[in-house]
Amino acid sequence: MAHTEIEVGRVTDFFQKICVAAVKIHAGQALKVGDRICIRGPHTYIEQTVESLEVDHKAVTEVGGGSEVGLLVTLPQAEEEWPANIPRNGNTVHRIQEE
C-alpha cells in the first residue's frame, strides 16, 4: 500500500532510561495518539504508532504546531544495552498517511 510521509517535527532530546523523545512540532502541523509515525536520521529509522504524548508531564491526545511534546518511543529488542537505532537530536519525525 502506498503512503505519504509529512514532516511534523524534530527531535530535540532523548531520555534513554524512560524511552521518551522530546519533539518540537512544526508550525502548522499536528500529532495525535494513534498516528503512525517514523523517526528518521543518519543512523536512525523507527516506525511506530503514537501511544503516548505528554506536555509538561500531563498526558494529552493531540498537540499542535509550536508545541514541545514528550513522545514515548518503542525501541526494538536488542542484544546490547542500548541499540544504535535510537532517536537523536535533530532527527525528523514524519506522520505516515496511507493513500
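Refer to the structure above for everything that follows.
Residues numbered from 1 in each chain as written. Predicted model: local features only at pLDDT ≥ 70, side-chain atom pairs only at ≥ 80, totals over all residues. Heavy atoms only, no water.

**Topic: the layout of surface pockets**
As a volume, the largest pocket reaches approximately 290 Å³. For the largest pocket, the lining is made up of 15 residues, of which Val20, Glu54, His57, Val69 and Gly70 are closest to its centre. Only β2 (20-25), β6 (53-55) and β9 (68-72) provide two or more residues apiece to the lining of the largest pocket. In terms of residue count, the dominant contributor to the lining of the largest pocket is β9 (five residues). (1 Å grid on protein atoms, 1.4 Å probe; cavity = no way out; pocket = protein on both sides within 12 Å on 5 of 7 lines; lining within 4 Å. Points joined across faces, edges and corners; volume = space filled by probe spheres on them. Helix = DSSP H or I, 4+ residues; strand = E, 2+ residues; numbered from the N terminus.)

**Overview of the pattern of salt bridges**
Summed over all chains, the structure comprises three salt bridges. Glu5 is the salt-bridge partner of Arg40, the closest N and O atoms lying 3.0 Å from each other. Here Glu5 lies in strand β1 (residues 3-15) and Arg40 lies in strand β4 (residues 36-41), a separation of 35 residues in the sequence. Under the relative-accessibility criterion, Arg40 is labelled partly exposed at 34%. Residue classification places Glu5 among the partly exposed residues on the basis of a relative accessible area of 26%. Two residues, Glu47 and Arg36, come together in a salt bridge whose shortest N-O distance is 3.6 Å. Taken together, the residues Glu47 in strand β5 (residues 44-49) and Arg36 in strand β4 connect sequence positions eleven residues apart. Judged by relative accessible area, which is 40%, Glu47 ranks as partly exposed. (Salt bridge = Lys/Arg side-chain N within 4 Å of Asp/Glu carboxyl O. Buried < 20%, exposed > 50% of the residue type's maximum accessible area, 1.4 Å probe, protein only.)

**A few points about the environment of Leu53**
Mapped onto the secondary structure, Leu53 falls in strand β6. Judged by its relative accessible area of 1%, Leu53 is buried. The spatial distance from the C-alpha of Leu53 to the C-alpha of Gln16 is 16 Å, given a sequence separation of 37 residues.

**Notes on the nonpolar core**
In summary, soluble globular proteins display a tendency toward joint burial of nonpolar side chains. Val23, Leu31 and Ile39 are the most contacted members of the largest nonpolar core, which totals 20 residues. Elements that contribute at least two residues to this core include exactly β1, β2, β4 and β9. Filtering out sequence-adjacent residues up to four positions away, Leu31 remains in contact with Val8, Ile25, Ile37, Val50, Leu53, Thr61, Glu62 and Val63. (Core = buried A, V, L, I, M, F, W, Y, C linked by side-chain atoms within 4.5 Å. Contact = heavy atoms within 4.5 Å.)

**Brief notes about the pairing of β9**
Within a regular beta strand, the side chains point alternately toward one face of the sheet and then the other, so they alternate between its two faces. Pairing of β2 with β9, which is carried by five bridges, proceeds in the antiparallel orientation. Each residue of the ladder has a partner; that of Lys24, found in β9, is Glu68. Where β6 and β9 come together, two bridges link them in antiparallel fashion. Residue pairing in the sheet places Leu53 in a bridge with Leu71 of β9. (Pairing = 2+ DSSP bridges.)

Function-wise, these values are silent; they only describe arrangement.
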